[in-house]
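# Observations on the model geometry
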Amino acid sequence: MNSVKYIGLDVHLSTISVAVLDAEGKLVMHSVLATHAAAILDFMHGLSGTLHVTFEEGTHSAWLYDLLVRQVARVVVCNPRKNALLKAGNKSDTIDARKLAELLRAGMLSPVYHGETGTATVKQLGRSYTALTEDTTRTMSRLKALYRGQAIPSAGKKAYGRRHRDAWLAQLKGAGLHRRAEILYQELDSLQALRRQARRELIVESGKHGAVKLLRTVPFLGPIRAALLLGRVQTPHRFRTKRQFWAYCGLALETRTSSDYQFVNGQLERKKKPVWIRGLNLNHNHDLKNVFKSAATSASVREGPFRTFYEGLLAKGMAPAMARLTLARKIAAITLSVWKKGETFDAEQLKPQAA
């Protein structure tokens, strides 16, 4: 008889707690494994039946998914932010592993996408470029703070360049401040060189994929934004509708409502009352939100089809901030459509009947 087993893994740096449930939800086995590929595979091969495995998204999730995806019937990498059951009651590795198995059996887990391997290099290069950009910005902010702390005006970008660097350093009084600024300048020079190198490698690698050529037909999606989109999204078919894509990009509206229905003359009717909007969704990919918001900001001030769309929103009385958000959502929707259909950008998509 081909039995079904549900396996919950509570993954840590050196050990993994494992709980195995049968089809009826009874605990069949509990074990603790070393976080090594051989130990995990030996354990899985020792189990009979159809195996369904789950573990939370984390540091080891990508490695563990690649290890198990061809060894078992199904692997679910779940979103830990939505596992409310794990927060209730006592907590331990054993309890967490069993709760994960129970949630998997009940179908109550929110999966995190894993699976596309063809764009793995672009994804990692994109992460490197993003991290280097953030580190460069952080170092530049520290330099500015150093000068501001000594009441030295430092508006603009002149404080970062090499041409007038000696003049800026001469304004600092004290050997400690002077040396600290020199170290920050050295760090900035190194980060800028690494960032330029990462940028070149990212553009070259992403250019090997045909999807980037389609994405770059969308106005204001240049080589970097298109490469980051490819690395983060991987495939557009993950999203059935544009609203799912908006939520992933942090552009979806969170709403609240209650007591929606009432009886009128014996008939059940929905109440006509406004939905409370609580802002944009918080659980999202920050890189993608930055891509579309920065694209919308550029499109709102530069000539092109998107600026016409933006000005039309302003003419209707919409606030500039809301108009830019609407434009970002429009760009995201068009990007998803272009990518899914394999067609180049068409300005007809911006007409009111296509909105």
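Preceding this section is the structure that the text describes.
Nothing here was measured: the structure is a model prediction, and the numbers come from that model.

Core analysis: the biggest nonpolar cluster contains 50 residues, and Phe292 and Phe306 have the highest contact counts within it. Looking at this core, the elements with two or more residues in it are α4 (120–148), α6 (175–206), α7 (210–215), α8 (223–233), α9 (242–248), α10 (286–301), α11 (305–315) and α12 (320–341). Considering each element in turn, this core owes the most residues, eleven residues, to α12. When sequence neighbours within four positions are dropped, the list of residues in contact with phenylalanine 306 reads Val218, Pro219, Phe220, Ala299, Leu327, Ile331, Ile334, Phe345 and Leu350. In terms of nonpolar packing, the next biggest core, distinct from the first, is built from 21 residues, Ile7, Val53, Phe55 and Val72 among them.

By the secondary structure assignment, valine 212 is in helix α7. Exposure remark for valine 212: the relative accessible area of 6% places this residue in the buried category. Taking the C-alpha atoms as reference points, valine 212 and alanine 155, 57 residues apart in sequence, are found 37 Å from one another. Ignoring sequence-local partners within four residues, the contact set of valine 212 consists of Ser206, Ala226 and Leu230.

A word on the pattern of salt bridges. Enumeration over the complete set of coordinates arrives at twelve salt bridges. In this structure, glutamate 254 and arginine 256 form a salt bridge, with 3.7 Å as the shortest nitrogen-oxygen distance. Accessibility expressed as a relative area gives 26% for glutamate 254, which makes it partly exposed. Taking relative accessible area as the criterion, arginine 256 reaches 42% and is therefore assigned partly exposed. Residues joined by salt bridges that share partners form a network here, namely Arg162, Arg165 and Asp189.

Okay, helix α1 (residues 37–45) next. Of all the residues in α1, the buried ones are Ile40, Leu41, Phe43 and Met44. Seen from one end, α1 has its buried residues packed into an arc of 160 degrees, which puts them on one side. Opposite the packed face of α1, turned more than 90 degrees from it, sit the exposed residues Ala38, Asp42 and His45.

By the element assignment, tyrosine 6 lies in strand β1 (residues 4–11). Once the C-alpha coordinates of tyrosine 6 and alanine 34 are considered, the two residues, 28 residues apart in sequence, prove to be 20 Å apart. For tyrosine 6, the residues in contact, after removing those within four places along its chain, are Ala19, Val20, Leu21, Asp22, Ala23, His52, Ala101, Leu104 and Arg105.

Before going further, it helps to spend a moment on the environment of isoleucine 203. Secondary-structure assignment places isoleucine 203 in helix α6. Taking the relative accessible area as the measure of exposure, isoleucine 203 reaches 27% and is therefore partly exposed. In this structure, the C-alpha to C-alpha distance between isoleucine 203 and alanine 39, residues 164 residues apart in sequence, is 39 Å. Filtering out sequence-adjacent residues up to four positions away, isoleucine 203 remains in contact with Pro223 and Ile224.

On to the packing of aromatic side chains. In total, this model carries five aromatic pairs according to the counting rule given. Taking the centre distance of 5.8 Å and the plane angle of 85 degrees together, the rings of phenylalanine 245 and phenylalanine 292 count as edge-to-face. Linking phenylalanine 245 in helix α9 with phenylalanine 292 in helix α10, this pair joins segments that are 47 residues apart in sequence. Overall, phenylalanine 292 belongs to the buried group, its relative accessible area being 0%. Seen in terms of ring centroids, phenylalanine 306 and phenylalanine 345 are 5.7 Å apart; in terms of plane orientation they differ by 50 degrees. Their pairing is tilted. Pair noted here: phenylalanine 306 is in helix α11 and phenylalanine 345 is in the segment after α12, with a separation of 39 residues, a long-range link. You'll find phenylalanine 306 and phenylalanine 345 in the same group, each marked buried. Every member of this aromatic cluster is reached through a ring pair, and the members are Phe239, Phe245, Tyr248 and Phe292. Residue placement shows arginine 238 over the ring face of tyrosine 248; its charged tip is 4.7 Å from the ring centre. Seen from the ring of tryptophan 246, arginine 329 lies directly overhead, with NZ or CZ sitting 3.8 Å from the centre.

With that out of the way, let us pick up the side chain of histidine 114. Turning to its location among the elements, histidine 114 is positioned in the loop between α3 (93–106) and α4. Within the local environment of histidine 114, its side chain forms a polar contact with the side chain of glutamate 57, the two groups lying 2.8 Å apart. If near-sequence neighbours (up to four positions away) are discounted, histidine 114 is found in contact with Glu57, Ser61, Ala62, Tyr65 and Val77.

Cut-offs used in this document
- Residues numbered from 1 in each chain as written.
- Predicted model: local features only at pLDDT ≥ 70, side-chain atom pairs only at ≥ 80, totals over all residues.
- Heavy atoms only, no water.
- Core = buried A, V, L, I, M, F, W, Y, C linked by side-chain atoms within 4.5 Å.
- Buried < 20%, exposed > 50% of the residue type's maximum accessible area, 1.4 Å probe, protein only.
- Helix = DSSP H or I, 4+ residues; strand = E, 2+ residues; numbered from the N terminus.
- Contact = heavy atoms within 4.5 Å.
- Salt bridge = Lys/Arg side-chain N within 4 Å of Asp/Glu carboxyl O.
- Arc of directions from axis to C-beta.
- Phe/Tyr/Trp six-rings, centres within 6.5 Å; stacked < 30°, edge-to-face > 60°.
- Lys NZ or Arg CZ within 6 Å of the ring centre and 35° of its normal.
- Polar contact = N/O pair within 3.5 Å; in protein donor to acceptor, adjacent residues only side chain to side chain.

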